[in-house]
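Analysis of the macromolecular model
Spelled out from the first residue to the last, the chains are:
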Amino acid sequence: MANNDDSFYHVFPKGFIWGMANSAYQTEGGWKADGKGESIWDRFCHEDASRIKDSSNGDVAMDSYTKYKEDVKLLKDMNAKMYRFSISWPRVLPKGTSELVNEAGIDYYNRLIDELLANGIEPCVTLFHWDLPQPLQEMNGWLNEELVQFFAEYARLCFSRFGDRVKYFITFNEPWVFSMKVYDFATFAPAIKEPLESPYKAVHTMLKSHAVAYQIYKNEFKDKQKGKVGFSVDSSNYGPKDPSSPTDLEAADKAFQFRLGWIVNPLINGDYPPIMKESIAQQSKLEGRSTSRLPVFDPESSTILKGSIDFLGLNYYTAELVTTIKAGEEANCPTNTPGWNRDLGLDRIRDPNGKLCGVWWQRDVPTGLRNTLNWIKKQYGNPPVIITENGRAESDDRLEDDDRIAYFRGHINETLKAVLLDSCDVQGYLGWCLLDVFEWSDGYTVGFGVHRVDRTSQEKTRTPKKSAKYLAQIFKENGFPDKQ
Ligand code: GAL
């Protein structure tokens, strides 16, 4: 049995899926090319450049809108078997609704999909990676339940136009990050500080939208297309600050329930986790409210949500340690701000045992990934999981990115232990990110890419970093066949 910090030399089961991930706004550019509509990120960056650390935006980004063939070549050179990219909703539906379909936008994705398949790379398509059409934001975005219908129309369009060749769809990317960064931290487009109710409402609408889209796929497309529909969630690992303390162990479990369970419990069991329902109801009462801030699923939504994923996408980057807040210390606890944080009501720190990465929130803790995979296995009966993002930030784009290599090595090795020693049903691993891309409110000041991009050149020249070559070897050898 390999211990936490030991390297484990073995290969993954045959057919394990290797690849890289990316997203539309962060990479494509072509922000108004060929009839594309405006997204909330276009509006957010253009309206006030100071919202982004280096006053940049995704107008041109890595210009993958024209350079997509080069991206596919890089993937091929890495021995990737899958590429996860997202569709820009306003590129295919400029107004957000099916009233106007932009055929030029559809053609772009057709070209990308065909190029991938011609190179033996399976496309994995995310439908919502945060770039909502601006006209839908004007209707109040995800706080408006009418979006369930609009998302359903958009999903149907994507299934019908791409599903003959795309066999892996992901409806949503990371609702926790999206709703917290938009409505709590107010640092992501459209940045509306309403932490008490809005994160819960937004996630509620997204979950209902997913369920309807899943039904559409199942009833109208699945028999013929034989694809899978999944959902990507984010989570840190949550460990006890004091591993010998039963209350800290309980606290770690509560944090997982609030972060992962908030989204995954409805997808698997049709409702929010009981501890979340109790805690938020209690906190709402203390605030003098007559009802809980956590919305309730109507019976029909609950029924169609239950069991509505063919696979779970897990995006894992870092680990936290948790403990309870000492009585009387509530006001001094930095992780006790109104909203989700106070509802969770725990003292949390970034795991100091891991090396600090190029962003403040990231520590390199590979064992946390194995623990998170095991938490999912135990909590939800071992559902099929694909790691749909995992990678390390650097504050520069050095080509000799040895710390990133160490990060990948550690995390992939812990995944191997989870698969072979713990029997977690992990079916694939996608690294983040193929390129150094627009990192949301951090602009281009940090990079997760395994390829450097010279943004000053007309060609947006891509250069492999050492980590791209390292992953190419792991992908080829299907793991760690021998000591090296
Ligand atoms: C995820 C997100 C990606 C990327 C990554 C690194 O939360 O899905 O778009 O930005 O984090 O921060």
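Here the structure is a predicted model, which means the values were calculated and not measured.

Cut-offs and rules
- Residues numbered from 1 in each chain as written.
- Predicted model: local features only at pLDDT ≥ 70, side-chain atom pairs only at ≥ 80, totals over all residues.
- Heavy atoms only, no water.
- Core = buried A, V, L, I, M, F, W, Y, C linked by side-chain atoms within 4.5 Å.
- Buried < 20%, exposed > 50% of the residue type's maximum accessible area, 1.4 Å probe, protein only.
- Contact = heavy atoms within 4.5 Å.
- UniProt positions renumbered as here; feature names shortened; annotations may be inferred.
- Helix = DSSP H or I, 4+ residues; strand = E, 2+ residues; numbered from the N terminus.
- Salt bridge = Lys/Arg side-chain N within 4 Å of Asp/Glu carboxyl O.
- Polar contact = N/O pair within 3.5 Å; in protein donor to acceptor, adjacent residues only side chain to side chain.
- Axes fitted to C-alpha atoms, helices over the stretch in contact; angles between N-to-C directions.
- Parallel < 35°, antiparallel > 145°, perpendicular 65-115°, else oblique.
- Left-handed = near helix turned anticlockwise from the far one by under 90°.
- Nonpolar A, V, L, I, M, F, W, Y, C, P; charged D, E, K, R; others polar.
- Expected span 1.5 Å × (residues − 1).
- 1 Å grid on protein atoms, 1.4 Å probe; cavity = no way out; pocket = protein on both sides within 12 Å on 5 of 7 lines; lining within 4 Å.
- Points joined across faces, edges and corners; volume = space filled by probe spheres on them.

**Examining the nonpolar core**
It is characteristic of soluble globular proteins that their nonpolar side chains tend to be buried jointly. Trp 41, Trp 89, Phe 128, Trp 142, Phe 151 and Trp 340 are the most contacted members of the largest nonpolar core, which has 155 residues in total. Apart from residues no more than four positions distant in its own chain, Trp 89 is found in contact with Gly 96, Phe 128, Asp 131, Leu 132, Pro 133, Leu 136, Trp 142, Phe 150, Phe 151 and Tyr 154.

**Here's the deal with the UniProt feature "active site" (unreviewed entry) in the protein**
Those residues carrying the UniProt feature "active site" (unreviewed entry) are Glu 389 in this numbering. Here Glu 389 is to be found in strand 11 (residues 385–389). Non-local contacts of Glu 389, meaning those with residues more than four positions away in its chain, are made with Ala 21, Arg 84, His 129, Asn 173, Glu 174, Leu 314, Asn 315, Tyr 316, Tyr 317, Leu 430 and Trp 432.

**Quick word on the pattern of salt bridges**
The full count for this structure, using the stated rule, is 38 salt bridges. Taking the shortest distance from any N to any O, the salt bridge between Lys 53 and Asp 442 comes out at 3.9 Å. Here Lys 53 is found in the loop between helix 2 (40–47) and helix 3 (64–77), whereas its partner Asp 442 is found in the loop between strand 12 (426–431) and strand 13 (451–453), with 389 residues between them in sequence. In this structure, Arg 370 engages Asp 422 in a salt bridge whose closest nitrogen and oxygen atoms are separated by 2.8 Å. In this pair, Arg 370 is assigned in helix 14 (residues 366–380) and Asp 422 in the loop between helix 15 (402–420) and strand 12, connecting sequence segments 52 residues apart. Here the two residues Arg 370 and Asp 422 agree in accessibility, since each one is buried. Here the residues in one salt-bridge network are Lys 355, Arg 392, Glu 394, Asp 396, Arg 398 and Asp 403, joined through shared partners.

**Digging into unusual backbone geometry**
Look at the link from Ala 189 to Pro 190: it is a cis peptide, with omega at 0°. For Pro 190, the position within the fold is in the loop between helix 8 (175–183) and helix 9 (198–225). The omega torsion of the bond from Trp 432 to Cys 433 falls at 20°, within 30 degrees of zero and hence cis. Along the chain, the position of Cys 433 falls in the loop between strand 12 and strand 13. Unusually for a residue other than glycine, Ser 55 sits at a positive phi of about 55°. Exposure remark for Ser 55: the relative accessible area of 44% places this residue in the partly exposed category. A positive phi is found at Asp 63, a non-glycine position, where the angle reads about 55°.

**Digging into the side chain of Lys 465**
Relative to the helices and strands, Lys 465 is located in the loop between strand 14 (462–464) and helix 16 (466–477). For Lys 465, a relative accessible area of 0% gives the class buried. A polar contact is formed between the side chain of Lys 465 and the backbone oxygen of Gly 449, at a distance of 3.0 Å. The contact partners of Lys 465, leaving out residues within four places of it in the chain, are Asp 397, Arg 398, Leu 399, Asp 401, Arg 404, Asp 436, Gly 449, Val 450, His 451 and Arg 452.

**So, the packing of helix 9 against helix 10 (residues 246–269)**
The N-to-C vectors of helix 9 and helix 10 enclose an angle of 30°; their axes lie 11 Å apart at closest approach. Looking at the two axes, helix 9 sits roughly parallel to helix 10. Where helix 9 crosses over helix 10, the two elements pack in a sense that is right-handed. Contacts between helix 9 and helix 10 involve Pro 199, Tyr 200, Val 203, Leu 207 and His 210 from the former and Trp 262, Ile 263, Pro 266 and Leu 267 from the latter. Looking at the contact of helix 9 with helix 10 residue by residue, the classes come out as eight nonpolar, one polar and no charged.

**Let's talk about helix 15**
Between its first and last C-alpha atoms helix 15 spans 27 Å; for 19 residues at 1.5 Å apiece the expected length is 27 Å, and the two agree. For helix 15, the buried fraction is high: 14 of the 19 residues fall into the buried class.

**Comments concerning the layout of surface pockets**
Estimated volume of the largest pocket: approximately 900 Å³. What lines the largest pocket is a set of 39 residues, among which Trp 176, Lys 181, Arg 350, Trp 360 and Trp 361 lie closest to the centre. Counting only elements with at least two residues in the lining of the largest pocket, the list comes to helix 8, strand 6 (228–240), strand 7 (311–324), helix 13 (340–344) and strand 8 (346–350). Partitioned by chemical class, the residues of the lining of the largest pocket number 17 nonpolar, twelve polar and ten charged.

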